[in-house]
Amino acid sequence: MADALNNYFVNVGKQTSSNIPPTNKSFRDYLPNHNVPDFEFKTVTSAEIEEIINSLQAKSSSGLDGINSILVKFLKNELKKPLAIIANQMITTCIFPSKLKTAKVLPIFKKGEVDKCENYRPISLLPAISKVFEKILLRQMDAHFKSHALYFCGFMVFGKIAQLSMPYLRCATEYFKIWTRKRRQSPYSWICPRRLIA
């Protein structure tokens with residue numbers, strides 16, 4: 001059963017993407033103004049790491065490392081400096097640690113017959129430390145997108161409705177798709193080069 005679920009979850013994305021009609025359009029076709037400032041990730045301080053750890057939801061679930069966010073929050077004073085060093089090394093070397101991209105996938109039954117794979121949905125549990133690093137990148141990208149009106153009006157951005165009106169989000173979405181397709185890894189593998197839009 002585990003092998004059947006794994007094969008289904010691995011291939012469902014490919015099957016869905018194969019139904020999307022091809023296009024010759026570039027993401028730049030959606031940009032009325034091509035003069036978007038370059039984007040670079042910036043190094044962070046231990047204070048920023050502490051702030052991000054405080055923002056984590058306290059959950060008992062954990063990734064493959066067995067470390068949950070409750071423990072990370074409890075040990076934030078001990079972790080903030082070493083995590084800042086690792087995060088800055090990640091940013092300056094353009095490498096997101098590969099082990100932090102590996103998730104523990106749990107099949108959650110939805111409804112219907114229990115022996116059919118399509119009646120399950122996968123939940124990916126990433127390491128709590130990975131969530132800290134992801135939030136570092138997300139905050140900087142989100143600030144860049146908001147300051148240059150890159151979000152499409154009404155688009156849901158991590159549970160929040162973007163209020164900015166310029167349709168640059170399609171540009172970023174297409175950019176992420178291209179890099180993910182080329183690298184066939186987590187979207188965070190495109191960190192290098194550090195410039196988002198040339």
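Summary of the structure given here. Per chain, residues are indexed from 1 in the order of the written sequence. The model is predicted, so local features are restricted to residues of pLDDT at least 70 and side-chain atom pairs to those at 80 or more, both for listing and for counting; the totals for chains, interfaces and linings are taken over all residues. Just so you know, side-chain values use all the structure's heavy atoms and leave hydrogens and water out.

**Comments concerning the side chain of Ser130**
Quick reminder of the rule: Starting at the N terminus, helices and strands are each numbered in turn, a helix being any DSSP run of H or I of at least four residues and a strand any DSSP run of E of at least two. Under the rule applied, a polar contact is a pair of N or O atoms within 3.5 Å (in protein, one hydrogen donor and one hydrogen acceptor; residues adjacent in sequence only if both atoms are side-chain atoms). In this analysis, two residues are considered to be in contact whenever any of their non-hydrogen atoms come within 4.5 Å of each other.
Assignment of secondary structure puts Ser130 in helix H5 (residues 128-147). Reaching out from Ser130, the side chain makes a polar contact with the backbone oxygen of Leu100 at a distance of 3.0 Å. Ignoring anything within four residues of it in the chain, the contact list for Ser130 reads Phe96 and Leu100.

**What about the pattern of salt bridges?**
For the record, the criterion: Each reported salt bridge corresponds to a side-chain nitrogen of Lys or Arg within 4 Å of a carboxyl oxygen of Asp or Glu. Exposure is judged per residue with a 1.4 Å probe applied to protein chains only, and the accessible area is read against the type maximum: over 50% gives exposed, under 20% gives buried, and values in between give partly exposed.
Following the criterion strictly, the structure yields four salt bridges and no others. The partner of Glu50 in a salt bridge is Lys80, and the shortest N-O contact between them spans 3.1 Å. Remark: Lys80 occurs in helix H4 (residues 76-93) and Glu50 occurs in helix H2 (residues 46-55); sequence separation between them is 30 residues. The exposure class of Lys80 is buried, given its relative accessible area of 17%. Lys116 is the partner of Glu113 in a salt bridge, and the nearest nitrogen-oxygen pair spans 3.7 Å. We classify Glu113 as partly exposed; its relative accessible area is 45%. Owing to a relative accessible area of 36%, Lys116 belongs among the partly exposed residues under this scheme.

**Side note on the environment of Pro107**
Residue placement: Pro107 occurs in strand S1 (residues 104-109). Given a relative accessible area of 36%, Pro107 falls into the partly exposed group. In this structure, the C-alpha to C-alpha distance between Pro107 and Asn6, residues 101 residues apart in sequence, is 9.2 Å. Once residues lying within four places of it in the same chain are set aside, the contact partners of Pro107 are Leu5, Phe9, Tyr120 and Arg121.

**Focus: H5**
Operational definition: In this scheme, a helix's expected span is set at 1.5 Å multiplied by one less than its residue total.
The end-to-end C-alpha distance of H5 is 29 Å, a good match for the 28 Å that 20 residues give at a rise of 1.5 Å each. Following H5 by one or two positions, Ala149 has its phi on the positive side, about 50°.

These values are about where atoms sit, not about what they do.
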